[in-house]
Amino acid sequence: MSTFKAPKGTYDLIPPDSAKYLAVREAIAAPLRNSGYGYIETPGFESVELFARGVGESTDIVTKEMYAFETKGGDRLALRPEGTASVLRAALEANLHKAGNLPVKLWYSGSYYRYERPQKGRYRHFSQVGAEAIGAEDPALDAELIILADQAYRSLGLREFRILLNSLGDQECRPVYRAALQDFLRGLDLDEETLRRADINPLRVLDDKRDDVQKQLVGAPLLRDYLCDACKAYHEEVRELITAAGVSFEDDAKLVRGLDYYTRTTFEFVHDGLGSQSAVGGGGRYDGLSEMIGGPALPSVGWALGVDRTVLALEAEGVTLQLPAATSVFAVPLGDEARRVLFGVVSELRRNGVAADFSYGAKGLKGAMKNANRSGARYTVVAGERDLAEGVVQLKDMESGEQVAVGVNEIVAELESRLS
Ligand code: ATP
Ligand code: MG
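Structure report, in brief. Remember, predicted model here, so these are calculated numbers, not experimental data. (Residues numbered from 1 in each chain as written. Chains lettered and ligands numbered in written order. Predicted model: local features only at pLDDT ≥ 70, side-chain atom pairs only at ≥ 80, totals over all residues. Heavy atoms only, no water.)

## Observations regarding the site of ligand 1
The environment of ligand 1 is made up of 14 residues, and the closest members are R114, E116, R122, Y123 and R309. Between ligand 1 and the protein, one listed contact pairs an oxygen atom with a side-chain N or O atom of R122 at 2.9 Å. At 3.1 Å from an oxygen atom of ligand 1 is found a main-chain nitrogen or oxygen belonging to G281. Every element with two or more residues in the shell around ligand 1 is listed here: strand 6 (125-134), strand 10 (279-285) and strand 11 (300-306). A total of three residues in the shell around ligand 1 trace back to one element, the largest contributor, which is strand 10. (Near = heavy atom within 4 Å. Polar contact = N/O pair within 3.5 Å; in protein donor to acceptor, adjacent residues only side chain to side chain. Helix = DSSP H or I, 4+ residues; strand = E, 2+ residues; numbered from the N terminus.)

Take a look at the structure:
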């Protein structure tokens, strides 16, 4: 061990577990790639102001969780706490919304940073894969994203997740609801901070995790009773499309996002095996966000799925992923001549797409075979001076233990045919 440890709230991805993270990212990305989403990568930090406006000045993310700093040049920057604001900023900057067809559909994968109280499933550095569909108001687009996330989780073998769905209304109906909710909240016995939140961001109070608050919220007015006809019709269409696709969901009238630019469709994916950090992903419509960061009106919808929590969910369900073997063939040379020959064999196997590795360092046969075993390789190729004098190498099937001599010039083809 060195003098240093990973910073509090962070952890390293190391083999063999790290392979799971790659597989999860890949599984989430695959349905997006297959549905017209293009890959986007943005910087790990942005202007603080982008997040203050794009995530919301009154959110916990901005007020408590953001890693904000001033550079030596005097710029006020923050490590990105989420992806949507950056992706929208980049799309606007590149004029993607003017280039042709709307919606602009983008997906991303990366690290995000929040100064949170670390616990299982809640870290200061975590990883998300996300998708955004920018510039179209169409219930089929909302449905598409929900269906694709469902497909991603299912392709991983997850079963015990639920989709919670709600509508937040729009500029027309939400203000009426907001006022009704405020009236209700002002009549409750709430602490000062929560009352202040009721003033600035009353919907967020519905999200309060405390039991005594939740108890008082039992009779709170619900947004679904306030939706205007257009919002009702839109939401009904989203629900029908998802249902027709065979994706089940639960209506959750209390599912909220506190900010004004979130409109209509909102959803969350929860996994029941995760305890209190149960949200594995979430998303929704953010029709007002573009204007919030100085862009034109661009109704949009998106989601972000947490990779760390998805891995925990897989573990909770006892799902083991079918990962491709890291190494299929392991070469063990005995002596200098064998070393040159087998190194050539390994290089050729690799060129042909076979996962192969080599016993490096001066090791005896025993130590080298131990490495071969640990590598998980299906086949080991061993060669010593006597083998080479006869023009052969020894091919050992690590599963059956069976060993045969194969000509040096045939070994690559033989392995390829056995592995195909
Ligand atoms: P929570 O209510 O658990 O704090 P959130 O609403 O802050 O979640 P989002 O901003 O919607 O989460 O992010 C989408 C997903 O990213 C979450 O569903 C979760 O899986 C993951 N996520 C968010 N914050 C963290 C974190 N600190 N550590 C690990 N994963 C996280
Ligand atoms: Mg959070």
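## Focus on empty space enclosed by the protein
Enumeration over the complete set of coordinates arrives at two cavities of 30 Å³ or more. Reported here for the largest cavity is a volume of approximately 50 Å³. Lining the largest cavity, in full, are I40, E41, T42, R80, V87, Y108, S109 and Y112. With three residues, the single largest contributor to the lining of the largest cavity is strand 5 (residues 104-113). Grouping the amino acids of the lining of the largest cavity by side-chain chemistry returns four nonpolar, two polar and two charged. (1 Å grid on protein atoms, 1.4 Å probe; cavity = no way out; pocket = protein on both sides within 12 Å on 5 of 7 lines; lining within 4 Å. Points joined across faces, edges and corners; volume = space filled by probe spheres on them. Nonpolar A, V, L, I, M, F, W, Y, C, P; charged D, E, K, R; others polar.)

## Looking at the sheet that holds strand 9 (residues 263-271)
Across the sheet, eight strands lie side by side as 1-5-6-11-10-9-7-8; this open sheet has mixed pairing. Each edge of the sheet is formed by a strand with only one pairing partner; in this case those strands are strand 1 (38-39) and strand 8 (250-251). Where strand 1 and strand 5 come together, two bridges link them in parallel fashion. The partner of Y39 across the bridge, within strand 5, is W107. Sheet strands in contact with helix 4 (residues 84-93) are strand 5 and strand 6, and its direction is about 45° off that of strand 6. (Pairing = 2+ DSSP bridges. Contact = heavy atoms within 4.5 Å. Axes fitted to C-alpha atoms, helices over the stretch in contact; angles between N-to-C directions.)

## Overview of the pairing of strand 7 (residues 161-167)
With six of seven residues buried, strand 7 is to be regarded as a mostly interior element. Pairing between strand 7 and strand 9: seven bridges, direction antiparallel. Opposite R162, over in strand 9, you have V270 as the bridge partner. Sheet analysis places strand 7 next to strand 8, joined by two bridges and oriented parallel. Bridge assignment links L165 to a residue of strand 8, and that residue is D251. (Buried < 20%, exposed > 50% of the residue type's maximum accessible area, 1.4 Å probe, protein only.)

Take it as geometry only, folks, not as evidence of what the structure does.
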